[in-house]
Protein chains: 2
Amino acid sequence: MAIGIFDSGLGGLTVLDAVQKRLPDVPFVYLADSAHAPYGVRTADDIFELTCAAVARLFEAGCSLVILACNTASAAALRRMQESWVPPDKRVLGVFVPLIEAMTERQWGDNSPPREVNVKHVALFATPATVASRAFQRELAFRAIGVDVEAQACGGVVDAIEEGDMILAEALVRSHVDALRRKMPTPDAAILGCTHYPLMQQQFQKALGDEVRVFSQANLVAESLADYLVRHPEMAGFGESAFLTTGDPHRVGDRATQFLRRQITFQSA
Amino acid sequence: MAIGIFDSGLGGLTVLDAVQKRLPDVPFVYLADSAHAPYGVRTADDIFELTCAAVARLFEAGCSLVILACNTASAAALRRMQESWVPPDKRVLGVFVPLIEAMTERQWGDNSPPREVNVKHVALFATPATVASRAFQRELAFRAIGVDVEAQACGGVVDAIEEGDMILAEALVRSHVDALRRKMPTPDAAILGCTHYPLMQQQFQKALGDEVRVFSQANLVAESLADYLVRHPEMAGFGESAFLTTGDPHRVGDRATQFLRRQITFQSA
């Protein structure tokens, strides 16, 4: 038994990394649907079917709790899965709720003194596909009334990270922050709405300045999961962590090792 | 009768613009397969089927000569179409051959004194999908032996152009040129391997410096077409130009008008 973490590709490894740091004794099974990635270009029905198939595979691997560490799947499939598909003894959680809780009412951080987070002008940095989907904007309008969101589609950042050109990635981050500031000069907070962006969190913070609070999904999911497991310790599980892929395990493992800069071995899902 | 210009989306309008400037008396029919764009994420078989359907529509509209103003279709479908599908009385031409001719043996430009183009170190700027397809690199290796090509995947530039944020687009171009120079410090020539990039040609030239010869597909296709029509004047046609789309003509027309900064009216294909 373990916690399942699902992503269409490797971006969700930043979420895995954050939760493993927060919960070093909890085993995880990571599943990358590499054979069908990227999801951003698929229809909602397609994404629903693929996400259900992947989550079913994680249930089968012994996971009772699965985190969708994928913005596209969280936006396109999670609500429908929770309403019509997830069995009563299982849980599937997405990446939006921890973020919205953190931005609106939840007290932030277990190591810092509790304080209210009070944001009005929010900058959203995400991929062009995520921005075009309007998923964040919809969730925020639904759950965080009165928050003004300006989205910046950060084309090129994921590609630069995946190519390992961090100098280019940082230059692109600076240009996108400049572009955001031309639309919203003084944001209170910034959401890094892409699972790749935790790798550039310092660069976003530096470009935005210290007065802007930067919310990274990976850390927020780790905190939410830690809270959840305090209330539901039976979900935590025991055993070894594992990495599964629907693609070629050698290729995916090589790319994952380069991405997270530690050795990761994938098996066929 | 007119010359057909096909693209999956609106990028090919830069090719249309260049050929209309070069050949103001020739009528064109532009067809955007907006309903199925972008092609970059599709399989080769899919792209072949869609491109044949679109070109058949242009034949039906009276075009005997069709230009694939689409790197993805040219790379994935053109050779197979020419070998097995194009009727003997029709011609389908792509965007690679004019470029390769210009880079290797053809004398450049009708207005400048003839001279040999002699390039060894070539920088290729294209979208991440085009770079990943290796289509240019394959065509160049096949036709231009001894030319050393370094590709830079320019993530974000197309998105910035489509959003109309030219300040951001220019900043991204500079960052991508810097990234290319870290891999190839002194290119002789640069290929703008994306139909959107003619809109940023000055910015590429400025970032690269005057000593680098910048090849833009739109201008090369216009020159090649002008040469071709001198040899085959019966292909030029007469009549009105028209713009067709498989998508919503109003939406596509609005975007095209914004893209080219002149009024363009689309009809249903």
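Residues numbered from 1 in each chain as written. Chains lettered and ligands numbered in written order. Predicted model: local features only at pLDDT ≥ 70, side-chain atom pairs only at ≥ 80, totals over all residues. Heavy atoms only, no water.

Counting secondary structure elements, chain A contains twelve helices and ten strands. The principal-axis extent of the C-alpha atoms belonging to chain A is close to 50 × 40 × 35 Å. In chain A, which comprises 269 residues, the proportion classed as buried is 55%. Sequence separation of at least 24 residues holds for 75% of the intrachain contacts in chain A that already meet a minimum separation of 6. Carbon and sulfur atoms form 50% of the exposed surface of chain A, whose accessible area is close to 11900 Å². (Helix = DSSP H or I, 4+ residues; strand = E, 2+ residues; numbered from the N terminus. Buried < 20%, exposed > 50% of the residue type's maximum accessible area, 1.4 Å probe, protein only. Contact = heavy atoms within 4.5 Å. Areas by Shrake-Rupley, 256 points an atom, 1.4 Å probe, with all protein chains shown as cover.)

The next thing to look at is the UniProt feature "active site" (unreviewed entry) in chain A. Residues and elements named next belong to chain A. Annotation from UniProt places "active site" (unreviewed entry) at Cys70 and Cys194. In terms of the greatest pairwise C-alpha distance, the residues named above, spread along 125 residues, form a tight cluster of at most 8.1 Å across. In this fold, Cys70 is placed in the loop between strand E3 (63-68) and helix H3 (71-76). Taking relative accessible area as the criterion, Cys70 reaches 3% and is therefore assigned buried. Ignoring sequence-local partners within four residues, the contact set of Cys70 consists of Phe6, Asp7, Ser8 and Val95. In this structure, Cys194 sits in the loop between strand E7 (189-192) and helix H10 (201-208). For Cys194, a relative accessible area of 7% gives the class buried. Non-local contacts of Cys194, meaning those with residues more than four positions away in its chain, are made with Asn71, Phe125, Thr127, Val158 and Gln217. (UniProt positions renumbered as here; feature names shortened; annotations may be inferred.)

One pass over the structure, following the stated rule, counts 18 salt bridges over all chains. In this structure, Glu162 of chain A and Arg255 of chain A form a salt bridge, with 3.5 Å as the shortest nitrogen-oxygen distance. Highlighted residues: Glu162 of chain A in helix H8 (residues 157-163) and Arg255 of chain A in helix H12 (residues 249-260), separated in sequence by 93 residues. A relative accessible area of 36% means that Glu162 of chain A is categorised as partly exposed. By relative accessible area, which is 41% here, Arg255 of chain A ends up partly exposed. A salt bridge links Arg182 of chain A to Asp165 of chain B; the nearest nitrogen and oxygen atoms lie 3.1 Å apart. With Arg182 of chain A in helix H9 (residues 166-183) and Asp165 of chain B in the loop between helix H8 (157-163) and helix H9 (166-183), this residue pair bridges two chains. With relative accessibility at 40%, the residue Arg182 of chain A sits in the partly exposed group. For Asp165 of chain B, a relative accessible area of 16% gives the class buried. (Salt bridge = Lys/Arg side-chain N within 4 Å of Asp/Glu carboxyl O.)

The subject of this paragraph is the sheet that holds strand E8 (residues 213-216) of chain B. All names here are of chain B. Ordered by their spatial adjacency, four strands build an open sheet running E6-E5-E7-E8, and the pairing between neighbours is parallel. Lying at the two open borders of the sheet, with one neighbouring strand each, are strand E6 (148-153) and E8. Averaged over neighbouring strand pairs, the angle between their axes works out to 20° when direction is ignored. In the sheet, strand E5 (residues 121-126) pairs with strand E7 (residues 189-192) via four bridges, with the strands oriented parallel. Residue Val122 lies in a different strand from E7, and its bridge partner there is Ala189. Packing of H9 onto the sheet brings it into contact with E5 and E6, and relative to E6 it is tilted by some 145°. (Pairing = 2+ DSSP bridges. Axes fitted to C-alpha atoms, helices over the stretch in contact; angles between N-to-C directions.)

Quick look at the pairing of strand E8 (residues 213-216) of chain A now. Strand residues, when the strand is regular, have side chains that alternate between the two faces of the sheet. Residues and elements named next belong to chain A. Direction of pairing for E7 relative to E8: parallel, over a ladder of four bridges. Considered in E8, the bridge of Ala189 is made with Arg213. A crossover links E7 with its parallel partner E8, the connecting element being H10, and its sense is right-handed. (Right-handed = clockwise from strand over helix to strand, strands pointing away.)

Turning next to helix H11 (residues 217-231) of chain A. Residues and elements named next belong to chain A. Compared with the 21 Å implied by 1.5 Å per residue over 15 residues, the 21 Å span of H11 between its first and last C-alpha is a close match. Most of H11 sits inside the fold, with eleven of its 15 residues counted as buried. Along H11, the residues that are buried comprise Gln217, Ala218, Leu220, Val221, Ala222, Glu223, Ser224, Leu225, Ala226, Tyr228 and Leu229. (Expected span 1.5 Å × (residues − 1).)

With 17 residues of chain A at the interface, the matching set in chain B holds 17 residues. For the chain A and chain B pair, buried surface summed over both sides reaches about 1300 Å², with 61% attributable to carbon and sulfur atoms. Inspection of the chain A/chain B interface yields two residue pairs in polar contact (both at pLDDT 80 or more). For the side of chain A that touches chain B, the secondary structure elements donating two or more residues are strand E6 (148-153), H8 and H9 of chain A. A per-element tally of the side of chain A that touches chain B places H9 of chain A first, with eight residues. Residue composition of the side of chain A that touches chain B, by class: eight nonpolar, five polar and four charged. (Buried area = accessible area lost by both parts, 1.4 Å probe. Polar contact = N/O pair within 3.5 Å; in protein donor to acceptor, adjacent residues only side chain to side chain. Nonpolar A, V, L, I, M, F, W, Y, C, P; charged D, E, K, R; others polar.)

A few words now on the domain arrangement of chain A. For an interface, size is often stated in terms of accessible area lost upon the parts coming together. Residue and element names in this part refer to chain A. Domain assignment breaks chain A into domain 1 (2-97 + 219-268) and domain 2 (98-216). The interface of domain 1 with domain 2 comprises 24 residues on the first partner and 26 residues on the second. When domain 1 packs against domain 2, close to 2200 Å² is buried across both sides, 54% of that on carbon and sulfur atoms. Taken together, the links from domain 1 to domain 2 amount to one salt bridge. Elements supplying a minimum of two residues to the side of domain 1 that touches domain 2: helix H1 (13-22), H3, helix H5 (96-104), H11 and H12. Classifying every residue of the side of domain 1 that touches domain 2 by side-chain character gives nine nonpolar, eight polar and seven charged. (Domains from an automatic or database assignment.)

Not every positive phi belongs to a glycine, and Arg261 of chain A is a case in point at roughly 55°. Its place among the elements puts Arg261 of chain A in the loop between H12 and strand E10 (267-268).

This part covers the sheet that holds strand E2 (residues 28-32) of chain B. What holds strands together in a sheet is hydrogen bonding between their backbones, with the strands either parallel or antiparallel. Residue and element names in this part refer to chain B. The six strands lie next to each other as E4-E3-E1-E2-E9-E10, forming an open sheet whose pairing is parallel. A strand with exactly one partner marks an edge of an open sheet, and here the two such strands are strand E4 (91-93) and strand E10 (267-268). Bridging between strand E9 (residues 242-245) and E10 involves two bridges; their strand directions are parallel. Looking at E10, one finds that Leu244 is bridged to Gln267. Docked against the sheet, helix H11 (residues 217-231) engages strand E1 (2-7), E2, strand E3 (63-68) and E4, running at close to 155° with respect to E3.

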